[in-house]
Amino acid sequence: MTASIVCAPSSCDCFVALPPATERKEVIFGKNSDRPLDEVQEVVYFPAAVYAPGSKVECTYIEIEQIEKTHAVILSRPAWLWGAEMGANSHGVCIGNEAVWTKEPVNEKEALLGMDLVRLGLERGSTAKEALDAITSLLEQYGQGGNCKEAPEAFSYHNTFLIVDRKEAWVLETSGQYWAAQQITEGAKNISNQLTITTEISSEHPGLRNYAQSQGWWSGVSEFNFCQVFSPTNPPVRMEAAKVRYIGGKELLCKQAGSIQAETIMDILRDKESGICMDSETFCTTGSMVSILPQDDSLPCVHFFTATPDPSRSVFKPFIFIDDVMPVPMVISPSYTGDDPVRKQPRFQRKVDRRHELYKAHQQARAVMESGQEEGVKLHQTMQNLERQALNAIKNMLTSGGTFDPEEMADLFFDCVDTEIKFYK
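Residues numbered from 1 in each chain as written. Predicted model: local features only at pLDDT ≥ 70, side-chain atom pairs only at ≥ 80, totals over all residues. Heavy atoms only, no water.

Draft legend 1. Representation of the overall build of the protein within the structure. Looking only at helices and strands, one finds 11 helices and 18 strands in the protein. Relative to the 2.2 N^0.38 estimate, which gives 22 Å for 425 residues, the radius of gyration of the protein is 21 Å and therefore close to what a compact globule would have. Seen through its C-alpha atoms, the protein measures out along the principal axes to roughly 60 × 55 × 50 Å. A burial count over the protein gives 59% of its 425 residues as buried. (Helix = DSSP H or I, 4+ residues; strand = E, 2+ residues; numbered from the N terminus. Rg over C-alpha atoms; globule rule 2.2 N^0.38 Å. Buried < 20%, exposed > 50% of the residue type's maximum accessible area, 1.4 Å probe, protein only.)

Below, the structure is given as structure tokens:
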């Protein structure tokens, strides 16, 4: 691994594969969330809800207008904020975001975080396109900005998003309140902390080109290339490092084209040589997600989450949306409500312990697995077998054409987390 990757202060990687790149008629989504080394990521479920007219919703930093009805969502998120790094809703929509820097200066003033927009898109969109429209509308109305890590030092960025459903995917890339989007209907696509949309723009901010021209970034005569026009002239080191991961991810997808399945994306997310599985002195992969979205609407979508750092030493556990989902407190961080340093002004003046039960158990087990001792090797093999059993059971359910027990599915994620913790102990 190159030094630039090791020292890169932030990174994420999102992947999607659609037929004919997939082995079966399904869409596969995946993301590694690479965040500060000591940040805890929790996995939380919020049921669908109905709100009275005029209701507000308090996001990480600002309050905005709430809509009448929100969809049920499952989110993997840094435990200190309202939004999410990645997640899914009950309609089979998945979203992940990435940090990006452009010619437009980042906004350190508190607004909507890109992670807030991930959650808002999931709560408000029943298709990938609806989620895209929700995010871009909110971006134009409220803007994006504010500190993106739990620390007093300012760290802000623009965002790119991969928005996926059973039929298609959208890549959304932003610069301040301006944006461009590209529709993906087949094949495989990955994004890694840089602009990728060139001239194939499917939708865009109505004032995008006029704004670029007014800034002197585009002549108005040549073909409009979003990536060329908005990418920074002197990109930060983190964006240059991302190119290596982007190329590596693209190559890994191409090697498996036509046979991509959930396990393929899990393996890619575990790839340390490419830097996709981040492990540096300051940043690491703090949470991972893979989703199976069958194109047959009669089949359920299945979403796998680690809820722990380093997917190469973690277990992907399945979740299926169903009525009366059993709560899983073992992957939910402690709540500090009004005493939370995120809520107090000035913000982030102290740190609190946000580790949940699974995180703590995994910390100890990971040390054993990385020791090289026989006990660690056996534990790692046990966890791999646990994941394989769950994957095989899900695969059989999706390919057999049979029915599944709703009560069993309601307990699925809980049972997998509970079993993992018991093995660690």
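Draft legend 2. Region of interest: the packing of helix α2 (residues 114-124) against helix α3 (residues 128-142). Viewed as axis vectors pointing N to C, α2 and α3 meet at an angle of 135°, and their least axial separation amounts to 8 Å. Considered as vectors, α2 and α3 are oriented oblique to each other. For the element pair α2 and α3, the recorded crossing hand is right-handed. Facing α2, whose interface residues are Leu117, Leu120, Gly121 and Arg124, α3 presents Glu130, Ala131, Ala134, Ile135, Leu138 and Leu139. (Axes fitted to C-alpha atoms, helices over the stretch in contact; angles between N-to-C directions. Parallel < 35°, antiparallel > 145°, perpendicular 65-115°, else oblique. Left-handed = near helix turned anticlockwise from the far one by under 90°. Contact = heavy atoms within 4.5 Å.)

Draft legend 3. View of the side chain of Thr70. Mapped onto the elements of the fold, Thr70 is located in strand β7 (residues 69-70). Dropping the residues within four chain positions of it, Thr70 is found in contact with Ala48, Ala49, Tyr51 and Glu123.

Draft legend 4. Highlighting empty space enclosed by the protein. Evaluated as defined, the whole model comprises two cavities of 30 Å³ or more. What the largest cavity holds in volume is close to 70 Å³. Lining the largest cavity are 11 residues, and of these Cys12, Asp34, Arg35, Ala99 and Tyr157 sit closest to its centre. A class-by-class count of the residues in the lining of the largest cavity yields four nonpolar, three polar and four charged. What the second largest cavity holds in volume is close to 40 Å³. (1 Å grid on protein atoms, 1.4 Å probe; cavity = no way out; pocket = protein on both sides within 12 Å on 5 of 7 lines; lining within 4 Å. Points joined across faces, edges and corners; volume = space filled by probe spheres on them. Nonpolar A, V, L, I, M, F, W, Y, C, P; charged D, E, K, R; others polar.)

Draft legend 5. A look at the sheet that holds strand β14 (residues 187-191). Spatially, β14-β1-β2-β16-β17-β18 is the arrangement adopted by the six strands of the open sheet, whose pairing is antiparallel. Single-partner strands in this sheet number two, and they are β14 and β18 (317-319). Sheet twist, expressed as the mean angle between neighbouring strand axes with direction ignored, is 15°. Relative to β18, strand β17 (residues 302-305) is paired through three bridges, and the arrangement is antiparallel. Note that in β18 the partner of His303 across the bridge is Phe319. Relative to β14, helix α6 (residues 237-255) is tilted by about 160°, and along the sheet it contacts β1 (11-18) and β14. Across the face of the sheet, helix α9 (residues 374-400) comes into contact with β16 (283-294), β17 and β18 while running at roughly 170° to β17. (Pairing = 2+ DSSP bridges.)

Draft legend 6. Spotlight on unusual backbone geometry. Cis rather than trans, the peptide bond between Pro19 and Pro20 has omega equal to 10°. Tracing the backbone through its elements, the reader meets Pro20 in the loop between β1 and β2 (26-36). With an omega of -10°, the peptide bond running from Gln345 to Pro346 counts as cis. A positive phi angle, near 55°, is found at Asn193, a position not held by glycine. Checked against the element boundaries, Asn193 lands in the loop between β14 and β15 (203-204). Classification of Asn193 by relative accessible area gives buried; the value is 1%.

Draft legend 7. A look at the pattern of salt bridges. Counted according to the given criterion, the structure contains 29 salt bridges. With a shortest N-O distance of 3.2 Å, Lys378 and Glu374 are connected by a salt bridge. In this pair, Lys378 and Glu374 both sit in helix α9, four residues apart, roughly one turn of the helix. When salt bridges with common partners are traced through the structure, they connect Lys272, Asp279, Asp310, Arg366 and Glu370 into a single cluster. (Salt bridge = Lys/Arg side-chain N within 4 Å of Asp/Glu carboxyl O.)

Draft legend 8. Fine view of the environment of Lys378. Given a relative accessible area of 49%, Lys378 falls into the partly exposed group. The spacing of Lys378 and Thr185 is 193 residues in sequence and 42 Å in space, taken between C-alpha atoms.

Draft legend 9. A look at the packing of aromatic side chains. What the rule picks out here adds up to 14 aromatic pairs. Between Trp101 and Phe155, the aromatic rings sit 6.4 Å apart at their centres with planes inclined by 50°, giving tilted as the arrangement. Taken together, the residues Trp101 in the loop between β10 (94-100) and α2 and Phe155 in the loop between α3 and β11 (158-164) connect sequence positions 54 residues apart. According to the relative accessible area criterion, Trp101 is buried, its value standing at 9%. Judged by centre distance (5.4 Å) and plane angle (75°), the rings of Trp217 and Phe230 are edge-to-face. On the criterion of sequence distance, the pair formed by Trp217 in the loop between α4 (208-214) and α5 (226-230) and Phe230 in helix α5 is long-range, its members being 13 residues apart. Members of the aromatic cluster, connected to one another through ring pairs, are Tyr45, Phe305, Phe319, Phe321 and Phe413. The ring of Phe46 carries the charged tip of Arg119 above its face, separated from the ring centre by 4.1 Å. (Phe/Tyr/Trp six-rings, centres within 6.5 Å; stacked < 30°, edge-to-face > 60°. Lys NZ or Arg CZ within 6 Å of the ring centre and 35° of its normal.)

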